[in-house]
Amino acid sequence: MEGGATGNGGAGALKMPEIWAESTCSHEPPTMSSEGVWSSYRQYGSSFWIGILQHPIPLLELQLFVIFFLHYLLHFLHTRLKLPWLFIHGLVGFIIGQVLRSNQNLSKLALNDESETVITTLMSIGFALFMFISGVKVDPSMMIKSGKQALTMGTLALFFPIILTTPLFEFMKRRFPYSQIGLRFFAFSQSLTPFPVIACLLTDLKILNSELGRLTSSSSLISYLISFALMAMFIFFRVSSEISVLVGFKVVVVCMAFTCSLWVFVRPLMFWIIKQTPEGKPVRESYIVFIVVLAVLSAVISDFVGLEYMFGPFILGLVIPDGPPLGSTLAERLDTVISGVVVPLFMTYGGYRITFQTGLNHIFMAGICGIVLLTVLGKLIAGVLTAWLCNIPYKDAFVISIIMSAKGIVDICLYITCNDKKVHY
């Protein structure tokens, strides 16, 4: 073989390709915990901490410690400058990201691929529970009680931004056909009114239970549910164009069957759990654990059928009756973990993902800013039309429009998902 490859074999001689083989050794299953300081010291000497941080659990503990230490280190920004906590969480993540990107050795040690998988899985489960609790706290009947005012405001606040941004989106699509940013996805996500974000903002402003707060909450919920229906239609057209109409129709049927099954089967089960709970007594722990597992399972099923994984937990939360004994117990058990751990962790990771790119086209960036401004303008127009059609004071309609333009953790999740799934349409 060597002579045929290198000798005088004539014009017909073939050169054999070089084949390189790499082998790696790994423990299956991997060791989650370290063997301790002394064992790592005998193996690594003075660099014993390297051996410890090669295991997922000690590395996760260090990551959580650094994140929350920086949170409290920047606490003065919240107390003195009155900056919102979500901004501080994102700032912490941005600082961590810049430090790690400036030091490759530290980056490989502190946030390798395995540890990033662990922490993102933890955040995904936590965010699913956040959406679940956001739905649990809602009384779906408030959409009916609010009447045509909430229906008109919620519908117009979604469709007017889409109508206004479509011409600019089409121009940018023709002008920048090879853009790596999902322009259609970005324009649609900017038009959304994520109900969990609006509910949290109304709570922070302490107007959730006011007449203005109830109308805003109902409008945002209606708009959010309509956006889920539009998302299902979008999935249908995308699957139909990429595969076939029959497959797209099957996907939509599966999504509708999943949603209906929650109302048909799960809601009666929740009322049965309430009946099993004596008046004045807490809900049994086993029921609470079962519902939490069901919330995580609904996220898995949502992702499996082609929807965003946040859809299932939110609809499941709407299915569960709000208030005591079940809804209030779930909120009480999960609120502390979600607000104190999940939300800071998720926003920190969102800040960590921020990178500055150079060489971006100025016209392209102006178009992106134009999409954002047009969505706000669309919601303002929706507020004015609602005030004119439903006899709402223009001042209240303006305030509702501004509140419904707010963005938060749900939008961060959408952008991270868009980036991870390489959504470029």
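Here the structure is a predicted model, which means the values were calculated and not measured.

S.K.: Tell me about the overall build of the protein chain, and name the residues and values.
M.R.: Each helix and strand counted, the protein chain has 20 helices and 0 strands in total. Residues classed as buried in the protein chain amount to 41% of the 425 residues present. Summed over all atoms, the accessible surface of the protein chain reaches about 24300 Å², with 67% contributed by carbon and sulfur.

S.K.: Mind laying out unusual backbone geometry, listing which residues take part and the relevant values?
M.R.: Not every positive phi belongs to a glycine, and Lys206 is a case in point at roughly 60°. Residue placement: Lys206 occurs in the loop between α12 (195-205) and α13 (211-242). By relative accessible area, which is 76% here, Lys206 ends up exposed.

S.K.: Any chance you could break down helix α6 (residues 85-102) for me, citing the residues and the numbers?
M.R.: Across its 18 residues, α6 extends 26 Å between first and last C-alpha, which sits within 8% of the 26 Å expected from 1.5 Å per residue. Burial in α6 covers these residues: Ile88, His89, Gly90, Val92, Gly93, Ile96, Gly97 and Leu100.

S.K.: So what's going on with the confidence of the model for the protein chain? Residues and values would help.
M.R.: Per-chain confidence: the protein chain averages 78 in pLDDT, with 81% of residues scoring 70 or above. When the elements of the protein chain are averaged for pLDDT, helix α1 (residues 2-6) gives the smallest value, 44, and helix α19 (residues 394-404) the largest, 88. Below a pLDDT of 50 lies the segment residues 1-21, which in the model reaches 7 contacts outside its immediate sequence neighbourhood of four places, other chains included.

S.K.: Now, about helix α17 (residues 326-352): what can you tell me, with residues and values included?
M.R.: Structurally, the α-helix is built with 3.6 residues per turn, so residues lying three or four positions apart point the same way. Between its first and last C-alpha atoms α17 spans 37 Å; for 27 residues at 1.5 Å apiece the expected length is 39 Å, and the two agree. Bending of α17 peaks at approximately 45° at the position of Ile338.

S.K.: Would you mind going over the packing of aromatic side chains in detail, with residue names and values included?
M.R.: In the structure shown here, the tally under the stated rule is 11 aromatic pairs. Here Phe65 and Phe69 contribute two aromatic rings whose centre-to-centre distance is 5.9 Å and whose plane-to-plane angle is 20°, an arrangement assigned as stacked. On the criterion of helical spacing, the pair formed by Phe65 and Phe69 is a turn pair, its members being 4 residues apart in helix α4 (residues 56-73). Plain terms: the ring middles of Phe228 and Phe311 are 4.6 Å apart, the flat faces sit at 75° to each other, and that makes the pair edge-to-face. Remark: Phe311 occurs in helix α16 (residues 311-319) and Phe228 occurs in helix α13; sequence separation between them is 83 residues. Judged on exposure class, the residue Phe228 and its partner Phe311 are both buried.

S.K.: Can you explain the pattern of salt bridges? Please cite residues and give values.
M.R.: All chains considered together, the criterion is met by 3 salt bridges. Two residues, Asp335 and Lys137, come together in a salt bridge whose shortest N-O distance is 3.1 Å. Of this pair, Asp335 sits in helix α17 while Lys137 is found in the loop between α8 (113-136) and α9 (142-145), placing the two residues 198 residues apart along the sequence. Here Asp411 ties to Lys407 by a salt bridge, and the two come within 3.9 Å at their closest N and O atoms. According to the relative accessible area criterion, Asp411 is buried, its value standing at 2%.

S.K.: Residues and numbers for the packing of helix α10 (residues 148-175) against α13, please.
M.R.: Each pair of packed helices can be summarised by the angle the axes make with each other and by the distance between the axes. Interhelical geometry of α10 versus α13 gives an angle of 50° and a closest axis separation of 8 Å. One finds that α10 runs oblique with respect to α13. For the pair α10 and α13, the crossing hand works out as right-handed. Two secondary-structure elements touch here, α10 through Gln149, Ala150, Leu151, Met153, Gly154, Thr155, Leu158, Phe159 and Ile162 and α13 through Leu215, Ser218, Ser219, Ile222, Ser223, Ile226, Ser227 and Leu230.

S.K.: Outline the nonpolar core, listing residues and values.
M.R.: Soluble globular proteins tend to bury their nonpolar side chains together. Core analysis: the biggest nonpolar cluster contains 73 residues, and Phe127, Phe132, Phe314 and Val410 have the highest contact counts within it. In terms of nonpolar packing, the next biggest core, distinct from the first, is built from 13 residues, Ala150, Leu156, Leu215 and Met404 among them.

S.K.: Tell me about the packing of α4 against α17, residues and numbers included.
M.R.: It is at 11 Å that the axes of α4 and α17 come closest, and there the two elements cross at 90°. On the basis of the axis angle, α4 is roughly perpendicular to α17. In this structure, α4 uses Leu64, Ile67, Phe68 and His71 to contact α17, whose residues at the interface are Gly340, Val341, Pro344, Leu345 and Thr348. Of the residues contributing to the contact of α4 with α17, the split by class is 6 nonpolar, 3 polar and no charged.

Definitions and cut-offs
- Residues numbered from 1 in each chain as written.
- Predicted model: local features only at pLDDT ≥ 70, side-chain atom pairs only at ≥ 80, totals over all residues.
- Heavy atoms only, no water.
- Helix = DSSP H or I, 4+ residues; strand = E, 2+ residues; numbered from the N terminus.
- Buried < 20%, exposed > 50% of the residue type's maximum accessible area, 1.4 Å probe, protein only.
- Areas by Shrake-Rupley, 256 points an atom, 1.4 Å probe, with all protein chains shown as cover.
- Expected span 1.5 Å × (residues − 1).
- pLDDT = per-residue confidence, 0-100.
- Contact = heavy atoms within 4.5 Å.
- Bend = angle between axes of the 7 residues up to and from the residue.
- Phe/Tyr/Trp six-rings, centres within 6.5 Å; stacked < 30°, edge-to-face > 60°.
- Salt bridge = Lys/Arg side-chain N within 4 Å of Asp/Glu carboxyl O.
- Axes fitted to C-alpha atoms, helices over the stretch in contact; angles between N-to-C directions.
- Parallel < 35°, antiparallel > 145°, perpendicular 65-115°, else oblique.
- Left-handed = near helix turned anticlockwise from the far one by under 90°.
- Core = buried A, V, L, I, M, F, W, Y, C linked by side-chain atoms within 4.5 Å.
- Nonpolar A, V, L, I, M, F, W, Y, C, P; charged D, E, K, R; others polar.

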